[in-house]
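Residue-level listing of the chains:
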Amino acid sequence: MGQHASRAAVQAAPRGKPQHFSPPMAAQATARPQPQPSSSAMEERNPSCPAEAKEKDKLPQEPTSVPPAPPLDASGLPMCAVERYAMDNIEAFLRSTEPQNEEKKMKFLCSIRTICGSAAERNTVQELRIFCRRNELVENIMVLLAEEPRRELSSELRLQAVAAITSLSKVEGALEEKIPLFVVCFRSIFLLPSEQDLDTNLYSKTLRALDEMLHSLVFIHPSTSIGEELKDVFQVSLAHGDHTEEECSPPIPTTPKTFWGDPGDHRAEQHLLFPQVLLPFTSLQSSTVRQRAVGRIWKLTHSLAHYCQEKPRHSSEQSPSASYDELRLPVLGQLVGCLILCCAFVQEDKTCRCALSALRHLYRFVLWRSRWEGQLDEQGKLEQWEADHEFSLTWTTNTTVILLRFEKYFHSSEKTDLILLALQGMRDCSNYNTQVASTLMAILTVDFNPMPNDVQRIVTAIHRSRKLITEEQALRTIHGTFPSLAAANPRAMTLSLLRCSPTCDKDIWELWELALSSVDVVPKMVQALLRQLETVPLGQKTEVGVLHLAAATALHKLLQYLDYGPQVRLVFPELFVALIIQLVSAGPLAPLEIIAITEDPFRPSAPTSAIRMVVETARSLLLCADMDNLAFSMETHDLWARLLGASMWQNGLHSLAKVMLKNCRDQCRPIFRHLQNLLQYHQLQWREVPAMAFYLELWSCQGHHKDDTGTQKIFRKYIRSKQPRSRELALRGLRNLYAGRMQLLLPDALLWLQDMRADIKLQAIHLLQDIVAQRPASIRGVLSQLAVQLLSCFNEDNAEVRWRSMELFALLLEAPGRKRLLLQAERSLLPLFIHMNEDIPNVAQAAQKALIHAAKLLGWQQLQRLACAAEVWMIADCLVRTPTPQPLWTPLAALQKGGRGATLRVPPPPCSLQLQKRGRDAEQYLKDTVLHLHSPQVPVRDTAVRFLGLLGRKLRNENREKVLDIRKALEGAKEDSEPTVRCLVLQTLLILSVLEDVPPTRPRLRRWFWRTWRE
């Protein structure tokens, strides 16, 4: 079975297949039922009046309320044989398909008591647990109880069934699903006729057996903490925490039996259809049922108070926090509320006195809990606690005083539970006194500081119950409660109302009006609506559902009332920006959809109704803020339509900024400051790009200020944003801000050039191009650093980065101080040559232009001429055969330091130095070329393979180790994805291997091989 048993399972549970276990044969003892714990005979005598009550807190006396199990017909047998005989009886009963008579049922129940007692003595609990579960003993007991006639108590079957459950409580793990069990027991006993129509002796024994069962399950053999066990006993339908009523409830049986309610008691049936256990019986119409339920609560609270008083004596080593965790009672607020409302049944003397006595016991429990929670650190609190403890010894019959005493020690959630119970009592269909329930709620909401979840629970309950309450005092209490809740937590109130009705219908708007009745609350609730508009764009589905659309709907409704205008205008900039951002974030829209949004009559059922609601709300907001001119201009220039759609909203923002500055410049300043604050101090996520675009347009239209430090901080912050569009807007803003003084951004541009993101590199390159074009002298000091960074950009995956970096490199080679770039120019030759072969025209042209300038700077006229003519393989031969010429302006160090020796001519270096230089060039060429073997472009890989072949031929007689490295690199390219490249690699490897065997004296043969390969 699951956590909750269904009624069908209770009424027609299949009797399990009998299972055997073998008890140890060594155990020799006589079968004897264990003594059953019993509550006192307090049910027979009325509890003393609380005002005169001075009895000591002690456990009730324990007379034998349950007769011992009738002896099984196994006299003289050893213990194991008696147990075996009892198990056989159980299996025979479960195996039988015929209707069972009273005698067999009683024998079945007595056999359960027998095996439970013997298992505890002989330590065979684990085997017995398996036996109980497989044979579904608990479920079959529930079936027997459900089959008992509801209008009579003619046998001891109920008594023996409850006693069997008490015995099963000793078997750890046998009673896992207790809530359905409690439901069946309470209904079977509580709904009996009045005591005068029953056998008084049998009735009293049955009630005492029920008390013993509860006491055993909760306090003697609990499977969890005592607080959780008590919760299962009381188990009410009021949602606790984040759960709903359905989640707190076991499944409802679909086939009710006749005994589930009194005849004609429709209200009782209505209550019992809710999955509640003990507390709901206190509100039924029958006074007899209420008395029985309150009596059980009184017995349980008496045991709880006694347990709390005795526990510190027997477990002094246990920490107070552990005690509190064990006795934490989640249903305390509901329990106190039920008992206070039961005190209003003044004509039921016994019920009232039991309820008052139970409240006294609970108050003692609350006092002890306050000590465990460590709330008495201060001397004043300790003295107050002692005074309250003294009060608990005298007590009172005034329920208002009792409620105020409890309230001091209640948690927020417990007060909320009590308020929800009072709301149920205020309904017209309730059996409780509605005036008492109204008074209870009014007292609890005074100076109430609820948590957000408590506000949501109360608002939801009021929304559901309000139409069921017509009593004038109750309605006045509700009307007084709402403003105080809204003032205590405006945001929670706003969210609760949005969740109750996202469409803001007429019923919920009445609650909105109650919440907004306080002038001070209006701006705070509008702020809460604003927060919802800023959570997600309208088209995005989230876990919170459609709260952002509900917020726009509520705001639109609120703007229709002029009374709220002054408070709404306090947050106008924030609301206007949020609504504009929602509009431009609506996503791609078709032209017909845009027309339907801006021109057609508003229809809530239309697919574009959410966006239309935002448009209407923004219009109403402009009228509320006395910006009629702007609203009219937006209609005239069709700006609402231009703000929609992914392709044109940025142009729409530009037009909106111009219209705003033209029609209401003064009102634009708060909007601009709000945008600046958002961008500077908040994480905007999906709002970042629209906010940045709106801010930039407003800033651009109102004119630039060179000393605008706030704007400069924003642009510098978002130049490193994760959003590419934000980075683009930030760069555009910086270029506008530093127009005419771009050189001030040079350090930033060099830093951005090192970023791993391609678009940031592009922005830096664009900025550097502007600086070089406008102020070329300003880069003289960073030429070498900039050239090195650009060389690393030649091999970027992004084609535009390669293209723009080569263009900028070519500009540097013509800039003032270019002679400092001789080393970088030499390093760029091979990469530029390879990229000349790309199939992207812009990159190939930029590489050719940069190669021409590099050759010119190095004084390599042959290479310059070949590059101009784009003679690709002659350039390759030139690079391989001829070492890079030494410039006439040496030494280079003198140039870099600006020394005078830079202009001196020196003789060319000797041949040995040229050979060393050639070796260094070959090594660098090899490293650079190998990198391009993995290029995604086939022409680049083809060029790299051919160049390696030329280089291998050149180094054949000079450096055989490098030739081996070349062959090793080509071996790694044999699995290229392009067939033509694979074929070229194999040919090159073959030629290099053949040339190893061709002596240097056969140059014609070698030339023939190379001519064939190149063709």
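What counts, and where the lines are drawn
- Position numbers for residues start from 1 in each chain and track the written sequence from start to end.
- Confidence filtering applies because this is a predicted model: local features only for residues at pLDDT of at least 70, side-chain atom pairs given and counted only at 80 or more, and all residues used for totals across whole chains, interfaces and linings.
- Water and hydrogen atoms play no part in the side-chain values, which are based on all heavy atoms of the structure.
- In this text, helices come from DSSP runs of H or I with a minimum length of four residues, and strands from runs of E with a minimum of two, each type numbered from the N-terminal end.
- When accessible area is computed with a 1.4 Å probe and restricted to protein chains, residues below 20% of their type maximum are described as buried, those above 50% as exposed, and intermediate ones as partly exposed.
- Throughout, a contact is declared for two residues whenever any of their heavy atoms are within 4.5 Å.
- Each aromatic pair joins two rings of Phe, Tyr and Trp (for Trp, the six-membered one) with centres within 6.5 Å, and gets the label stacked for planes under 30 degrees apart, edge-to-face for over 60, and tilted for any other angle.
- The axes used here are C-alpha line fits, helices contributing only the stretch in contact, and every angle between their N-to-C directions lies in the interval 0 to 180 degrees.
- Rotating anticlockwise by less than a right angle from the far helix to the near helix defines a left-handed crossing, while the corresponding clockwise rotation defines a right-handed one.
- Only Asp, Glu, Lys and Arg are considered charged in this grouping, and only Ala, Val, Leu, Ile, Met, Phe, Trp, Tyr, Cys and Pro are considered nonpolar; every other residue, Gly among them, is considered polar.
- The term polar contact refers here to a pair of N or O atoms within 3.5 Å; inside protein, the definition further demands a hydrogen-donor-capable atom paired with an acceptor-capable atom, and it admits residues adjacent in sequence only when both atoms are side-chain atoms.
- The term salt bridge refers to a side-chain nitrogen of Lys or Arg lying within 4 Å of a carboxyl oxygen of Asp or Glu.
- Per residue, pLDDT captures the predictor's confidence, and it can take any value from 0 to 100.
- Residue count minus one, scaled by 1.5 Å, sets the expected span of a helix.
- Oblique is the label for any angle not under 35 degrees, not over 145, and not in the 65 to 115 range, which are roughly parallel, roughly antiparallel and roughly perpendicular in turn.
- Criterion for a disulfide: a pair of cysteine sulfur atoms at a distance within 2.5 Å.

Draft legend 1. Highlighting the overall build of the chain. Scanning the chain from terminus to terminus reveals 49 helices and zero strands. Burial statistics for the chain: of 1015 residues in total, 55% are counted as buried. For the chain, the share of sequence-separated contacts (at least 6 apart) that also reach a separation of at least 24 residues comes to 72%.

Draft legend 2. Geometry of the packing of aromatic side chains. Counted by the stated rule, this structure contains 20 aromatic pairs. Between F190 and F281, the ring centres sit 5.2 Å apart and the planes meet at 85°, which makes this aromatic pair edge-to-face. You can see F190 sitting in helix α7 (residues 178-190) and its partner F281 sitting in the loop between α10 (266-272) and α11 (287-314), a full 91 residues away along the chain. The interplanar angle of 75° and the centroid separation of 5.5 Å between the aromatic rings of Y363 and F406 together place this pair among those described as edge-to-face.

Draft legend 3. Structural detail: the packing of helix α33 (residues 688-701) against helix α34 (residues 709-718). Interhelical geometry of α33 versus α34 gives an angle of 145° and a closest axis separation of 12 Å. In this structure, α33 meets α34 at a crossing whose hand is left-handed. Between α33 and α34, the residues in contact are E688, M692, Y695, L696 and W699 and T711, I714, F715 and Y718, respectively. Counted by class, the contact of α33 with α34 contains seven nonpolar, one polar and one charged residues.

Draft legend 4. The side chain of T617, seen in detail. Positionally, T617 belongs in helix α28 (residues 609-624). Of note is the side chain of T617, whose polar atom sits 2.6 Å from the backbone oxygen of M613. Leave out the neighbours within four places in its chain, and T617 touches A552, L555, H556, L559 and L579.

Draft legend 5. Main features of the environment of S430. By secondary structure assignment, the location of S430 is in the loop between α17 (412-425) and α18 (434-444). Residues in contact with S430, not counting those within four places in the same chain, are Q424 and G425.

Draft legend 6. Geometry of the pattern of salt bridges. Scanning the entire structure with this criterion turns up 35 salt bridges. One salt bridge connects E510 with R466, and the closest N-O pair in it is separated by 2.9 Å. A residue pair is termed long-range when its members are at least 10 positions apart, and E510 in helix α22 (residues 506-515) and R466 in the loop between α19 (452-465) and α20 (472-488) qualify at 44 residues. Given the relative accessible area of 28%, E510 is considered partly exposed. Relative accessible area serves as the criterion here: at 12%, R466 is assigned to the buried category. Between K467 and D507 there is a salt bridge, with the nearest N and O atoms lying 3.6 Å from each other. In this pair, K467 is assigned in the loop between α19 and α20 and D507 in helix α22, connecting sequence segments 40 residues apart. Relative accessible area serves as the criterion here: at 53%, K467 is assigned to the exposed category. Residues joined by salt bridges that share partners form a network here, namely R612, E616, R619 and E635.

Draft legend 7. Seen up close, α22. Within the span of α22, buried status applies to I508, W509, L511, W512, L514 and A515. Of the surrounding secondary structure, the elements contacted by the buried residues of α22 are α19, α20, α21 (490-500), α23 (521-533) and α24 (547-559).

Draft legend 8. The confidence of the model for the chain, seen in detail. Per-chain confidence: the chain averages 78 in pLDDT, with 76% of residues scoring 70 or above. Put simply, α10 is where the chain has its lowest mean pLDDT, 35, and α21 is where it has its highest, 93. This stretch, residues 48-64, has a pLDDT under 50; its non-local contacts, to residues over four places away or in other chains, come to 34 contacts. Here residues 313-317 is modelled with pLDDT under 50, and outside its nearest four sequence neighbours on either side it reaches zero contacts, counting other chains as well.

Draft legend 9. Representation of helix α8 (residues 200-220) within the structure. Compared with the 30 Å implied by 1.5 Å per residue over 21 residues, the 28 Å span of α8 between its first and last C-alpha is a close match. One side-chain oxygen at the N-terminal end of α8 lies 3.2 Å from the backbone nitrogen of N201; it belongs to D199.

Draft legend 10. Fine view of the packing of helix α31 (residues 649-663) against α33. Put simply, α31 and α33 touch, their axes get as near as 9 Å, and they point 40° apart. The angle between α31 and α33 places the two elements in the oblique class. Note that α31 runs across α33; the crossing there is right-handed. Contact residues: W649, Q650, L653, H654, L656, A657, K658, M660 and L661 in α31; V689, P690, A693, F694, E697, L698 and C701 in α33.

Draft legend 11. View of the side chain of R466. A polar contact is formed between the side chain of R466 and the side chain of E510, at a distance of 2.9 Å. If sequence neighbours within four positions are ignored, R466 has contacts with D507, E510 and L511.

Draft legend 12. Spatial organisation of the environment of T494. Among the secondary structure elements, T494 is positioned in helix α21. According to the relative accessible area criterion, T494 is buried, its value standing at 0%. Between the C-alpha atom of T494 and that of Q527, which follows or precedes it by 33 residues, the distance is 9.5 Å. In this structure T494 touches W512, M525, A528 and L529, once residues within four positions along its chain are discounted. Looking at T494, its side chain comes within polar contact range of the main-chain oxygen of P490, at 2.8 Å.

Draft legend 13. Representation of the state of the cysteines within the structure. According to the stated counting rule, one finds zero disulfides in the structure shown. Sulfur of C668: no disulfide; nearest cysteine sulfur belongs to C664 and is 4.3 Å away. On the basis of relative accessible area, C668 is assigned to the buried category, the value being 4%.

Draft legend 14. Geometry of the environment of Q712. If you trace the backbone, Q712 turns up in helix α34. Along the primary structure Q712 and L737 are separated by 25 residues, whereas in three dimensions their C-alpha atoms are 7.7 Å apart. Not counting residues within four places of it along the chain, the set of residues in contact with Q712 comprises L737 and Y738.

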